[in-house]
Structure formats: structure tokens, C-alpha cells
Amino acid sequence: MAASFRWQNGHLHLFWRHGLWFRLRRLIIWLLGVYIAIPFLVKLCPAIQAKLVFLNFVRVPYFIDLKRPQDQGLNHTCNYYLQPEEDVTIGVWHTVPAALWKNARGKDQLWFEDALGSSHPVILYLHGNAGTRGGDHRVELYKVLSSLGYHVVTFDYRGWGDSVGSPSERGMTYDALHVFDWIKARSGDNPVYIWGHSLGTGVATNLVRRLCERETPPEALILESPFTNIREEARSHPFSVIYRYFPGFDWFFLDPITTSGIKFANDENVKYISCSLLILHAEDDPVVPFHLGKKLYNIAATSRSFRDYKVQFVPFHTDLGYRHKYIYRSPELPRILREFLGIPEHEHHH
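Rules of the game
- Residues numbered from 1 in each chain as written.
- Predicted model: local features only at pLDDT ≥ 70, side-chain atom pairs only at ≥ 80, totals over all residues.
- Heavy atoms only, no water.
- Helix = DSSP H or I, 4+ residues; strand = E, 2+ residues; numbered from the N terminus.
- Buried < 20%, exposed > 50% of the residue type's maximum accessible area, 1.4 Å probe, protein only.
- Contact = heavy atoms within 4.5 Å.
- Areas by Shrake-Rupley, 256 points an atom, 1.4 Å probe, with all protein chains shown as cover.
- Lys, Arg positive; Asp, Glu negative; His and termini not counted.
- Charge placed at Lys NZ, Arg CZ, Asp CG, Glu CD.
- Phe/Tyr/Trp six-rings, centres within 6.5 Å; stacked < 30°, edge-to-face > 60°.
- Lys NZ or Arg CZ within 6 Å of the ring centre and 35° of its normal.
- Salt bridge = Lys/Arg side-chain N within 4 Å of Asp/Glu carboxyl O.
- Pairing = 2+ DSSP bridges.
- Disulfide = S-S within 2.5 Å.
- Core = buried A, V, L, I, M, F, W, Y, C linked by side-chain atoms within 4.5 Å.
- UniProt positions renumbered as here; feature names shortened; annotations may be inferred.
- Axes fitted to C-alpha atoms, helices over the stretch in contact; angles between N-to-C directions.
- Parallel < 35°, antiparallel > 145°, perpendicular 65-115°, else oblique.
- Nonpolar A, V, L, I, M, F, W, Y, C, P; charged D, E, K, R; others polar.

**Describing the overall build of the chain**
In terms of regular secondary structure, the chain is built from twelve helices and eight strands. Dimensions of the chain, computed from C-alpha atoms along their principal axes, come out at roughly 95 × 45 × 45 Å. Going through the 350 residues of the chain one by one, you find that 49% of them count as buried. Taking all contacts inside the chain whose residues are at least 6 apart in sequence as the whole, residues at least 24 apart take part in 76%. Taken as a whole, the chain presents about 17,400 Å² of accessible surface, with 58% of it coming from carbon and sulfur. Each charge class in the chain can be summarised by its mean position, and for the 38 positive and 35 negative side chains these summaries are 9 Å apart.

This is the structure:
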């Protein structure tokens, strides 16, 4: 009886091991199939790569009402809607400087628009991919900049948040140009600075190159966690790690991005930009590698277009843990901006 049980037990054990190995082998073959199929899928449908670049369908945090910036602790912010072109509507937030907070309470859009003409500089903030103008790290930066005496105007490109339209590099750049012109029509002689983060740095250099070409440059350009161009960024992105050594990586993954008309060529654009440039980058950035920001700085610093302008690169040490989107936490940021941009006028009496 015992012998029979032992035999059965051993047989069951063998059968179990064999079954497990069979399941494991099937899983490995299936994963390998998916791994090989994905590059072909991306090649056949370049729109997939475009979606991965923009990530505009990722609405994080999901449940916020973009019409109510006060829900994010922005009690001195007005929500507008502008129309850059037919069939395109973009949602805009305008946060006033801390000095105007008390007056801003309960005021309407006209008051906020008029406030752009008060003697405070304006920062047009161009956000990165995924999420909306209400993203947590973005909101925290608006608060910091507002407390330093700046108006902050930010918006969701067409196809992001509650903005209507289909995303494209041309469309995003046109939206930014429209908001810039809208600000300039109301800001009088106040300085207007452009701040781009991550993918927004690509929009920012596209915009500023265009502004310089039409001879209406901003007072300064600030690039936070920038890359050189979208191909180099895609090659360095954590998503591409598992395919980096896949035969024909460029053909499968990078060419479809170019085919979709997505270039975001910061390295080319800086050769045509003539205004002060500040680059901020954390050494431990896992999304846009630090070396790409440094490479962009080296291209800009040696470019003839910046001959008469300040070009500054500020690294943030790995130990600080600012990674891709937490540079706003730096206690040094107010000093860096003050030294680079000068002191906002109303701050002189402090």
C-alpha cells in the first residue's frame, strides 16, 4: 500500500513538473511571439508610435475638473478657452502672481486678462506628454513661480485634457504660438518668458525659433529636462530598453516617428534662436537622460545665434532625487531664476 502510494506520489510529482514546464514553455513562446510581433505592428501602423510619443490619452489625475483650478489649490487661477483655428479649442489656466492673490478672488476673465498688463513678468509654460495642465508636478511649479512674482499661463495642446483637436507637432506648435500672441496682446511691456518641460521643450524651441524668425523673440527660454531630438530621446527612453539591440531598431521604431511628421528637433532649432537660454536637468532623470540635456547645451553654447545672449546649464545632483519632474522642489530654484532672469519688479522692496 505504502509502495503504491509512493509510486503514485512520484508519478503525480513528475506529471505536475511536466505540466508546469509545458505551461512555462507555452508562455515563453507566446511572449517571444509578442516581442517579435510588436516591431512589425509599429512599422505597419506609425500612428501607434505617435500615440506613444504624445500619450495624450493618459489623463492623470483622471477625476479632476479642469474648469475648476481651485480644486487643485489654485485659488488665484482663471480657466479660459481659446480657439487657435477652426475646430480647435484649447483650455488655458492663468495663475496670477502671489501679490495679486487677494484681489483675484471672485474676479472674472476680463480682470485676469487686464492683470497681464500689471508690472509683473509672464511665463508661458509648455507641459510634457501625458496628463493635463492639472498634473500634480505642474501645479506645484505654477505655485512656486507665482510665489516668485510671475504670471503663469499654461494650456493643454489640442487633443490633451479638455482641448479639442488631433495632436500633431505642427498643431502643438501652432497652439503655443496662438497663446503667446494672446499674452503679448495683453502684457504691455512686461517680459514674457517661455518654459518648456520634457516633450514641451520640443514645442518651446519650435515656437521660439519661429518667434525669432519673425523678429518677436521672448525675453528668455527655459528648457527643463530637454532632449536633442525625438529620435535620440526615443532611443534612450526606458520603454525602448528591451528593443535597443533588436535588429533594425531604427527602421522599426524610429522611422515611423519621422514618418508621422514628428521631429521636435531641439538641436536644429537652437541654431536659429537668439534669446537668453537656461537649461535645467537632473542627473538622475530616468526618462530624458542627462547627457542629452548636456549635449543640447553644448550645441547651443557654440552656436553663433547665441553670440550676444546668456546660455546657462544648471545640473541637479543625483542625491537630490529630482528625477524627471521634481526640479520645482529645489530650494535653489528661486535664486537660479532671479540671477538668470533678474528680479520681478514688485519684488525689489523685499
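**Notes on the packing of aromatic side chains**
Considering all chains together, one arrives at eleven aromatic pairs under this definition. Taking the centre distance of 5.3 Å and the plane angle of 80° together, the rings of Phe-155 and Tyr-157 count as edge-to-face. The exposure class of Tyr-157 is buried, given its relative accessible area of 1%. Clustering of aromatic rings is evident, with ring pairs tying together Phe-54, Phe-155, Tyr-157 and Trp-160. Directly above the aromatic system of Phe-340 lies the positively charged group of Lys-310, at a separation of 4.6 Å from the ring centroid. Of note, Arg-329 hangs over the ring of Tyr-326, and the distance from its end group to the ring centre comes to 4.1 Å.

**Things to note about the pattern of salt bridges**
Tallied over the full model, the rule gives 17 salt bridges. For Arg-158, the salt bridge identified is with Glu-85, shortest N-O distance 2.6 Å. Residue Arg-158 is found in the loop between strand S4 (151-155) and helix H6 (169-184), and its partner Glu-85 is found in strand S1 (residues 77-85); the two are separated by 73 residues along the sequence. The closest approach of N and O atoms between Arg-231 and Asp-255, which form a salt bridge, is 3.0 Å. Here Arg-231, found in helix H8 (residues 230-236), pairs with Asp-255, found in helix H9 (residues 249-259); they are 24 residues apart in sequence, far enough to count as distant.

**Some details on the pairing of S1**
Direction of pairing for S1 relative to strand S2 (residues 88-95): antiparallel, over a ladder of seven bridges. Across the sheet, Asn-79 pairs through a bridge with Trp-93, a residue of S2. Linking S1 back to S2 in an antiparallel pair, the connection comprises two residues, with Asp-87 at a positive phi of about 70°.

**Considering the state of the cysteines**
By the definition in use, this model includes zero disulfides. Of all cysteine sulfurs, the one in Cys-275 lies closest to Cys-212, which takes part in no disulfide; the gap is 5.2 Å. For Cys-212, a relative accessible area of 15% puts it in the buried group.

**Comments concerning the nonpolar core**
Phe-54, Leu-124, Leu-126, Phe-155, Ile-194, Leu-221 and Phe-264 are the most contacted members of the largest nonpolar core, which has 66 residues in total. Formed by 30 residues, the second largest nonpolar core is a distinct cluster that contains Tyr-125, Val-139, Tyr-142 and Phe-316.

**Here we look at the environment of Val-311**
With respect to the helices, strands and loops of the structure, Val-311 is situated in strand S8 (residues 311-316). Between the C-alpha atom of Val-311 and that of Val-152, which follows or precedes it by 159 residues, the distance is 23 Å. When near neighbours in sequence (up to four residues on either side) are disregarded, Val-311 contacts Leu-277, Tyr-297, Ala-300, Ala-301 and Phe-306.

**Here's the deal with the UniProt feature "domain: AB hydrolase-1" (unreviewed entry) in the chain**
The positions that UniProt labels "domain: AB hydrolase-1" (unreviewed entry) are, in the present scheme, residues 121-210. For residues 121-210, the helix share is 44%, the strand share is 18%, and the end-to-end C-alpha distance is 21 Å.

**Observations concerning the packing of helix H2 (residues 46-54) against H9**
Between H2 and H9, the least distance of the axes is 8 Å, while the angle of their chain directions is 80°. Between H2 and H9, the angle is such that the two are roughly perpendicular. Between H2, through Pro-46, Gln-49 and Val-53, and H9, the contact on the second element is made entirely by Phe-253, Pro-256 and Ile-257. Of the residues in the contact of H2 with H9, the class split is five nonpolar, one polar and no charged.

**Section: the sheet that holds strand S5 (residues 192-197)**
Spatially, S1-S2-S4-S3-S5-S6-S7-S8 is the arrangement adopted by the eight strands of the open sheet, whose pairing is mixed. A strand with exactly one partner marks an edge of an open sheet, and here the two such strands are S1 and S8. Here the average twist between neighbouring strands, direction ignored, is 20°. Note that S5 and strand S6 (residues 220-224) share five bridges and pair parallel. Counterpart to Ile-194 in the pairing with S6 is Leu-221. Sheet contacts for H6: S1, S2, strand S3 (122-126), S4 and S5; angle to S1, the most-contacted strand, approximately 120°.

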